[in-house]
Amino acid sequence: MPFNSASDAFQLHPATTSKVPVAAVSIALRATAARRGLADRSPNVRAAAVDMIKRWLDAFEGDVLALLAAVDAETHEDVADAIVAELIACRRIKPAVIAASVAEGTAPGGGLRRAADAPPMTPEAAVYWRVICQSLAAAAGASGSDAATAVGQNQVVSAAVAGEKLDALESALPAEASALLALIASHAKMGAKFVARQLLPLLSLVDLADGATRRGAISLVAAELAAKPAAADDATFDDVAGAVSSHAHGGDGAWERALVATAKMAHGSNAAATASVLEAADALRARDGDDEKAHAQALFLATLLLENLPRNALSTTASEALMETLVRPGVTHEVRPIHWSPYDPVGVVNADP
């Protein structure tokens, strides 16, 4: 019998709840059941939630991507993330085995090593591979730390495990950092920004020491930050899975936040990253100054720089410049001539964009 509300399932004893078939509830209730169950402080409830997810996975014959689609990974990203992490923890997913499937040509969802003419990644595949790679990186880091403090045979074992995890991670990621960058850029260009956002954190797992790759990452971020705001329901994005609205068109801002975080990583300094984000905001206003959406987008980019600043991080001059060029025009819907440069000294100290 289908459940009509989230409370229907949770009024049952955990042991009974875990037996609820995935087809018996809507997508929203599946997500609610998984979210609440995995976050519950009661060990019994949490164990029942894990058992429920295992049963759901069995219902999809072990197809994790089908399970993530059943909870709508794009809408319920946190749930999809938690499900993959939990299946890794209980060893229903073995990241090293999944990484090996890439070389075998059986990678779920096509994997990250994709041909240029391959179809776009689905939202659930993007979440899946992000969590797999981050899990391998975390495991390698933990084993490496153990090796650094262990002695004798324990040190040898920990170092070997760390090496195995790093090898698996290398197998899962694209062969070259430039290939990962191209994969991100191609999805961003077609409008699949949810997918692109899942892949952006993987840049921290590859070697950006190569100047060309680092410049490519900086260029990609700058172009996306300065892009004209667009809505996910724009006709241009018809049939694009993972299309996301810009913040100015009602988006949640997650894409822009990810870009700013990537700018900081790629530039390697807060000052350079801050200047690049302000330059993008400046470009938006210069090109589309009569468009209120463009001005709102520029204002949001400046907000991303300011929201995590420590106290007294901005000088009086910098504060006045931001108020004059972005805040006041944004509030009053005025568009004033640009009279400051993002490269002017703004007095930002230890900014964290």
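Residues numbered from 1 in each chain as written. Predicted model: local features only at pLDDT ≥ 70, side-chain atom pairs only at ≥ 80, totals over all residues. Heavy atoms only, no water.

### What to know about the overall build of the chain
The following threshold applies: Only runs of H or I of at least four residues qualify as helices and only runs of E of at least two qualify as strands under DSSP, and these elements are numbered from the N terminus. Type-normalised accessible area, obtained with a 1.4 Å probe on protein chains alone, sets the label of each residue: buried when under 20%, exposed when over 50%, and partly exposed for intermediate values. Every residue pair with non-hydrogen atoms within 4.5 Å of one another is taken to be in contact. Note on areas: Shrake-Rupley with a 1.4 Å probe; residue coverage comes only from the protein chains shown.
The number of helices and strands found in the chain is 16 helices and zero strands. Taking all 353 residues of the chain together, 44% fall into the buried category. Long-range contacts, defined here as pairs at least 24 residues apart, represent 70% of the contacts in the chain between residues at least 6 apart. Counting only carbon and sulfur atoms, one obtains 54% of the accessible surface of the chain, whose full area is about 17100 Å².

### Remarks on helix α4 (residues 43–59)
Short version of the rule: Under the convention used throughout, the expected extent of a helix is 1.5 Å for every residue step, that is, one less than its residue count.
Over its 17 residues, α4 extends 24 Å from the first C-alpha to the last, a length consistent with the 24 Å expected when each residue adds 1.5 Å. Buried residues of α4: V45, A48, A49, V50, M52, I53, W56 and L57, and no others. Two residues or fewer after α4 comes E61, characterised by a positive phi angle close to 55 degrees.

### Overview of the nonpolar core
Put simply, the test is: Among buried residues, the Ala, Val, Leu, Ile, Met, Phe, Trp, Tyr and Cys ones that are joined through side-chain atoms within 4.5 Å form a nonpolar core.
Counting 81 residues, the largest nonpolar core has L68, I83, I93, L112, Y128 and W129 as the members making the most contacts within it. Among the elements that make up this core, the one with the highest residue count is helix α8 (residues 123–149) (nine residues). Each residue touching Y128, except ones within four places of it in the same chain, is listed here: V64, L65, L68, V84, I93, I98 and P108.

### Some words on the confidence of the model for the chain
For clarity, the cut-off: Values of pLDDT, ranging from 0 to 100, describe the predictor's confidence in every residue of the model.
Confidence in the prediction for the chain averages 83 pLDDT; 80% of positions are at 70 or higher. Below a pLDDT of 50 lies the segment residues 3–7, which in the model reaches twelve contacts outside its immediate sequence neighbourhood of four places, other chains included. In the predicted structure, residues 335–353 sits below a pLDDT of 50 and forms 47 contacts with residues beyond four places in sequence or in another chain.

### Some details on the packing of helix α12 (residues 211–225) against helix α13 (residues 254–267)
Rules: Note on geometry: axes are C-alpha line fits, over the in-contact stretch for helices, and angles between N-to-C directions span 0 to 180 degrees. The cut-offs work like this: below 35 degrees is roughly parallel, past 145 is roughly antiparallel, 65 to 115 is roughly perpendicular, and the gaps in between are oblique. Crossings are classed by handedness, with left-handed meaning an anticlockwise turn of the near helix from the far one by less than a right angle and right-handed meaning a clockwise turn. In this classification, Asp, Glu, Lys and Arg are treated as charged, Ala, Val, Leu, Ile, Met, Phe, Trp, Tyr, Cys and Pro as nonpolar, and every other residue, Gly included, as polar.
Packing of α12 against α13 leaves a shortest axis separation of 9 Å and a crossing angle of 150 degrees. Considering their axes alone, α12 and α13 lie roughly antiparallel with respect to each other. Here the hand of the crossing between α12 and α13 comes out left-handed. Residues R214, A217, I218, V221, E224 and L225 of α12 form the contact with α13, whose participating residues are W255, E256, L259, V260, T262, A263, A266 and H267. Tallied by class, the residues present in the contact of α12 with α13 amount to nine nonpolar, two polar and three charged.

### What about the packing of aromatic side chains?
The cut-off we apply is this: Two rings from Phe, Tyr or Trp (for Trp, the six-membered ring) form a pair when their centres sit within 6.5 Å of each other. Planes less than 30 degrees apart are called stacked, planes more than 60 degrees apart edge-to-face, and all others tilted.
Going through the model one piece at a time under the given rule, you end up with one aromatic pair. Measuring from ring centre to ring centre gives 5.7 Å for Y128 and W129, while their planes differ by 85 degrees; the resulting arrangement is edge-to-face. Using a relative accessible area of 2% as the deciding quantity, one classes Y128 as buried. A residue is classified by how much of its surface remains accessible, and W129, at 0% relative accessible area, is buried.

### Describing the packing of helix α6 (residues 77–89) against α8
Running from N to C, α6 and α8 cross one another at 45 degrees; their axes reach a closest spacing of 10 Å. Here α8 runs oblique to α6, going by the angle between their axes. The crossing of α6 and α8 is right-handed. Where α6 abuts α8, its residues E77, A80, D81, V84, A85 and I88 lie against V127, Y128, R130, V131, I132 and S135. Classifying every residue of the contact of α6 with α8 gives eight nonpolar, one polar and three charged.

### Things to note about the pattern of salt bridges
For the record, the criterion: A pairing counts as a salt bridge when a side-chain nitrogen of Lys or Arg comes within 4 Å of a carboxyl oxygen of Asp or Glu.
Under the definition given, this model contains nine salt bridges. Put simply, D78 and R35 hold a salt bridge, and the shortest N to O gap is 2.9 Å. Taken together, the residues D78 in helix α6 and R35 in helix α3 (residues 27–39) connect sequence positions 43 residues apart. The class of D78 is partly exposed, set by a relative accessible area of 45%. On the basis of relative accessibility, which here comes to 34%, the residue R35 falls in the partly exposed class. We note a salt bridge from D282 to R285, for which the minimum N-O separation is 4.0 Å. Here R285 and D282 lie together in helix α14 (residues 270–287), a separation of three residues that amounts to about one turn. Across the pair, exposure class does not vary: D282 and R285 are buried alike. In the salt-bridge network here, residues are joined through shared partners; they are E77, D81, R130 and R197.

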